[in-house]
Every structure is written in structure tokens, then in C-alpha cells.
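# Architecture at a glance
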Amino acid sequence: MRGRTDGSKKRLLTTFFFVAVFLLFLYLYFGSQSQGESALEYGSRSLRKLGSSYLGGDEESDLGIKQDDFKFGLDDEDGIVPKSFPVCDDRYSELIPCLDRNLIYQMRLKLDLSLMEHYERHCPLPERRFNCLIPPPTGYKVPIKWPKSRDEVWKANIPHTHLAKEKSDQNWMVVKGEKIIFPGGGTHFHYGADKYIKSLANMLNFPKDNMNNEGNLRTVLDVGCGVASFGGYLLASDIMTMSLAPNDVHQNQIQFALERGIPAYLGVLGTKRLPYPSRSFELAHCSRCRIDWLQRDGILLLELDRLLRPGGYFAYSSPEAYAQDEEDLRIWKEMSALVERMCWKIAAKRNQTVIWVKPLTNDCYMERAPGTQPPLCRSNDDPDAVYGVNMEACITPYSDHDHSSKGSGLAPWPARLTSPPPRLSDFGYSSDMFEKDTEMWRKRVENYWDLLSPKITANTIRNVMDMKANLGSFGAALKTKDLWVMNVVPEDGPNTLKLIYDRGLLGSIHNWCEAYSTYPRTYDLLHASDVFSDIIEKKGCSGEDLLIEMDRILRPTGFLIIRDKKPVIDFVKKYLTAIHWEQVATADSSSDETDTDHVVLIVQKKLWLTSESLRETD
């Protein structure tokens, strides 16, 4: 009896095996035929599944595409260049590799949730990185152009409507047909960010109730920004706001901000310093941002203090500033005592908002009683060291020079864009060097736009990233364009980001051997000057990984400008077909006296959809 059963099982398994092989043959044959039917189709299901191990699949499986599969370098002439990179599963159309919850779970990281460590960067090791292209969501459309995008985006591009329901009484966003509309409301300013901003300017007695204070207030940090309407409406006053929020329960707020064309960054006040140097902002803002400012001896408030310029403001709109219940009164009392020991003064207090101002000099710090908490930071503490550096619960005093100058010494905007920053001498740079750099990039950007002109109109490009910004002169040269630039400075180079902020521009510190903290499809233009040379030749990192990361960040139909040595340009060209980029123009630098050995390559990312997206769209 047992023998007959075993024989039946063997026959059943054999039959199943041959059926499976036959079905696999049909799938591969007809699948390959169907892939050529649409120019939009760049990857089959079988290819996309190769990324499933990294992307939340079985930790023990070996289905993931590993780093070793793509070891091609500048000198590897015999390397096999793939005809196309695999496409990740559609479920991962919003993947942020260094902020991936699946990765945290798989690596079994022991994080302190109370300190928000799970919202900080945790990047995959090289062997756990994905090597597949991030697909757009079903029905994706080319984003609405600025300035209309400030007020509306395509719902298909960010198919998340929970914020519209959760914040329906606060006018964050409203779903209307195929679009999501942004009325300009926020948690504290239900009736519009524009009215709220005007009231803040009025509280500070700024001329004409204009928040820019005649060009003296230019850079702002909005903590817990929601969908960034505060920063979006400040743009009309020539104010640049770094809108900051984590990928938390409100998950897609930063994605909405960038889709709208508003400067924003995924970050959290947790245990690490924010990726901005000291004295970067004239104003910090928190509108019911749900942050416990009293925790850990006020360490989060002290991080804001590090980032504020001399005489900078902190606008705080929260129940603690006005409510009369016992708990709010306790928090207000303790917070008031803390900021007083930090030498902040109340500049204005009205209704539900208080605005504190930071001192201009060290005088107040020196007059505090011995042992007063929080202490001053150690003399060897570098307030501009930020990449992966822990916060400290201490006050950052001014240098002797800054103390004696009684302020930042910055010219009002827009003069500060082209005026040599006071901190230029920290790097041993002269004013003449600064002015030559500014002029050099003005000419280069002019040439870039000539090369791009057949492909773009006045509002084609809104979100721009300069991947190696140096002094920020590339971004400065774009002042007349209706766009903004995220100026990225390498973590291991001269920390020139403070000069970029002194010029009235925005930026962050980053290591391009890792993924950037942003959602996919968030920039219209990436500028990479010597970025590939740096990570391949100096750091030994993967050029292929960087190509895939750039593709992740770039919006479909967006552009890349790569300025590098000829071997690097040749390396990138090998992969254009595989990554589905189209060459727009090339130019040598023979006419550029400072850059004769470089080549400029401009490419455009094609708009493509997966087969599943096409089926669902139809």
C-alpha cells in the first residue's frame, strides 16, 4: 500500500515538473516577444523579481541582485555591459534606500524609538544594495510645472490621500478628481500660510509686514513642515526655506513638497546633527511640530541654536505658548527657563505664537553663573562637522571674530549672492578667487543652457541638484531662472556649505557612495562635476551604483549634466542604453582655460512604465 502511494507521488511530481518547464518556456518566449511591443517597456517581471531579496523578501534567500554582479570600472575594457538594468518590483516605486524600514527590520538594528533613531539614516552595506531601476507608479504623468505645481499635483504621481482625510480640518490638501490641491493651510494656519507669514512679520515690526526684512532674512529652517506650504509661500518674499520632516506616520509629506517644486529634505531631530553647518539660518520655525524640546537637557533646541545666525529667530506656534491647562503651563515654564539660560530673549509674543531671538555676541554667555546648564561646547568642538556627528547638549559660542563683529556680517539679499562671504577666510580663499569662481560658473551655465535650449522652455526645470557644489557658484549662476538648487557638498572635502548658506542658497552634506535622503523622481536636473571621478578613483565606490542612484532621484524626462574627464564620460556612455537615458549633447572644454581636460555630457531620462503599469493604466 505504501509503495503504490510513493509511486503515485513520483509520477505526480514528474508530471508537475514537465508542465512547469513547458509553462516557463511559453512565458519566456512570449514574454520576450511582448517586451518589444511597447517602447515604454524596460523590464519584465522575471527581471524585477531579482531585486526582491533586498527589497523586503526572505532574508536568507539569494535572489537579490548583488554588488558583485556589476563590477565594471573605468579600466575594465572587457567588462560586459548589460543591455538593460533590471527594474524593481512595482511595490518599491517610493524606495529610499537609507531610510528603508525593511532594511532596519532585516538587519535587526536595535534602535531607540524614543530618540527617533529609526527615522535617521541607516544605509545598506554594498552586498545588500539593490541594483535595479525604480519604476514610476501606475499612471505616472510628467509633473505639473511651476508655479502651478505649488497649488496642485497629479494624484497618480503620489497616490496617497490619507493626509487629505487626516488633516481635512486644517486645509493641508484636498483630493479633486485626478489632482491633489493644496489650499495653503497648515496645522496652525488653517486659513492660509500667506496670512500667517504676514502676521509673523508684523510681530517683528518688519517693514511693510514683509518677512524678508529688506533682504536681511533670507534662509529659513521649517521643522516638521507638513507639506511645506509655509516654505512655499515664503518664496514670494525671496526667502529660501529648508522644509524638514521625517518619513514618519505622515509618510509622504516631503514627497508632496518636492513634487510641488518646494525645497525640502527628509530628516529628523533625533541623535545626529542635521546636515547643515553652524549659523546657516536667520529663522527656525515650528508650527505644532510635535517635538519634545525639553528632552535630554534641551539637546534638540540646542541643535537649532547651533544652526541659527547671530540675532536669528525661532518662531514657535504651539499650545504651550498660549494654553492654560496644567501640563501646557508646566512645559511653557520649563521651556522659558531653558531658553533664558541659553540667552534667548522674547522678541514678540501674540496669540498662539512666541518668537525668540538669539544673542548677537558672547556677552550673555560669559555673564552666566558658573555651572549654569546647558554648558558651552568644548573649545575643540567643530560646530560645522555634521555628517554622522552626534548632537551635544551644549551652546555653540561665537568665535572671537564673530563676537567682535556683532552679527553675521552678511550683505542683504540679493547682494549677498555675489558678495564674498565673511567666512571665506576660514578656507584661505581670497575675494579674488571667489569672484573668479563666480564668473567662471556663470559662463559654464550659460553654455549649459545653450546646449539644453532645444529641449527646454522657461518652466521645464524647477528642482535642481548640484551634486558637488564647492562654493555654490553653479547655483548662483541660475538666479535669473525660476528654480531652486540643492547644493550638495562632499562629507570629506572642504566644508564649503557654510559659504553656500552665507550666499543665501540651500544645501546639505552627503557622501555619494550612499543613497541620498530623498524620494524617487524628485529632481528635474542633476549637475555632476567631477562626482564620478571622486567616488570611483578616490573612494573606490561603484560608478554603476551612482548611475542607478541618479536615475532614482531624477524625474522622468529630467536632465543630467555630467562634467568630468573623458574616460568617465566614456564609462557613462556605455550604460546609456541599459539605464534608458538619451544623449542630448556633448561638448569639450577646450574653450574653458581652467578645465581643458574635461568633457560635458548632457543626457535626458526617458519616460517609461512597467508592463503592469501599462495594463492598469489601460
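Refer to the structure printed above.
Anyway, here's the lowdown on the structure attached to this text. Keep in mind it's a predicted model, so treat the numbers as computed, not measured.

Assignment of secondary structure puts S431 in helix α13 (residues 431-452). For S431, a relative accessible area of 38% corresponds to the partly exposed category. Spatially, the C-alpha atoms of S431 and P421 are 8.5 Å apart, while their sequence positions differ by 10 residues. Look past the residues within four positions of S431 in its chain and what remains in contact with it is P420 and L424.

Put plainly, a disulfide is one covalent bond tying together the sulfur atoms of two cysteines. Tallied over the full model, the rule gives 6 disulfides. Residue C286 pairs covalently with C289 via a disulfide, S to S 2.0 Å. Sign of the S-S torsion, about -90° for the bond between C286 and C289, identifies this disulfide as left-handed. Since its relative accessible area comes to 1%, C286 is described here as buried. Shown here is the disulfide that connects C343 with C364, its sulfur atoms set 2.1 Å apart. With the S-S bond torsion at -85°, the cross-link from C343 to C364 turns out left-handed. Placement of C343 in the loop between α9 (326-341) and β9 (345-350) and of C364 in helix α10 (residues 363-367) is noted, with a sequence separation of 21 residues between them. Judged by its relative accessible area of 3%, C343 is buried. A residue is classified by how much of its surface remains accessible, and C364, at 23% relative accessible area, is partly exposed. Described in terms of the sequence order of its bonded cysteines, the disulfide pattern of the protein is 1-4, 2-3, 5-6, 7-8, 9-10, 11-12.

Before going further, it helps to spend a moment on the packing of helix α8 (residues 295-307) against α9. In contact at an axis separation of 11 Å, α8 and α9 are set at 60° when each is read in the N-to-C sense. One way to sum up the angle between α8 and α9 is to call them oblique. Viewed along their axes, α8 and α9 form a crossing whose handedness is right-handed. Together, D297, G298 and L301 of α8 and M335, L338 and V339 of α9 make up the contact between the two elements. Counted by class, the contact of α8 with α9 contains 4 nonpolar, 1 polar and 1 charged residues.

Before going further, it helps to examine the pairing of strand β13 (residues 506-510). For β13, the tally of buried residues reaches 5 of 5 residues, placing the bulk of the element in the interior. Of the two faces of β13, the one holding L506, S508 and H510 and the one holding G507 and I509 are both buried throughout. As judged from the 5 bridges shared by strand β12 (residues 484-490) and β13, these two strands associate in the parallel manner. Note on β13: the bridge partner recorded for M486 is L506. As a crossover connection, the stretch from β12 through helix α15 (residues 497-502) into β13 is right-handed.

For the rest of this paragraph, the subject is the side chain of N487. Within the fold, N487 resides in strand β12. At a separation of 2.8 Å, a polar atom in the side chain of N487 contacts the main-chain carbonyl oxygen of L506. In this structure N487 touches D466, A469, G472, G475, L497, I500, L505, L506, G507 and S508, once residues within four positions along its chain are discounted.

Positionally, D89 belongs in the loop between α2 (45-48) and α3 (101-106). Among the polar contacts made by the side chain of D89, one reaches the main-chain amide nitrogen of R91 at a distance of 2.9 Å.

Moving on, we get to the pattern of salt bridges. The full count for this structure, using the stated rule, is 32 salt bridges. A salt bridge links E514 to R121; the nearest nitrogen and oxygen atoms lie 2.9 Å apart. Taken together, the residues span a long stretch of sequence, with E514 in the loop between β13 and β14 (523-529) and R121 in the loop between α3 and β1 (152-154) at a distance of 393 residues. On the accessibility criterion, E514 (26% relative accessible area) is partly exposed. Using a relative accessible area of 26% as the deciding quantity, one classes R121 as partly exposed. Connected through salt bridges with shared partners, the residues E282, R309, R416, R423 and D502 form a single ionic network.

Rules and cut-offs
- Residues numbered from 1 in each chain as written.
- Predicted model: local features only at pLDDT ≥ 70, side-chain atom pairs only at ≥ 80, totals over all residues.
- Heavy atoms only, no water.
- Helix = DSSP H or I, 4+ residues; strand = E, 2+ residues; numbered from the N terminus.
- Buried < 20%, exposed > 50% of the residue type's maximum accessible area, 1.4 Å probe, protein only.
- Contact = heavy atoms within 4.5 Å.
- Disulfide = S-S within 2.5 Å.
- Axes fitted to C-alpha atoms, helices over the stretch in contact; angles between N-to-C directions.
- Parallel < 35°, antiparallel > 145°, perpendicular 65-115°, else oblique.
- Left-handed = near helix turned anticlockwise from the far one by under 90°.
- Nonpolar A, V, L, I, M, F, W, Y, C, P; charged D, E, K, R; others polar.
- Pairing = 2+ DSSP bridges.
- Right-handed = clockwise from strand over helix to strand, strands pointing away.
- Polar contact = N/O pair within 3.5 Å; in protein donor to acceptor, adjacent residues only side chain to side chain.
- Salt bridge = Lys/Arg side-chain N within 4 Å of Asp/Glu carboxyl O.

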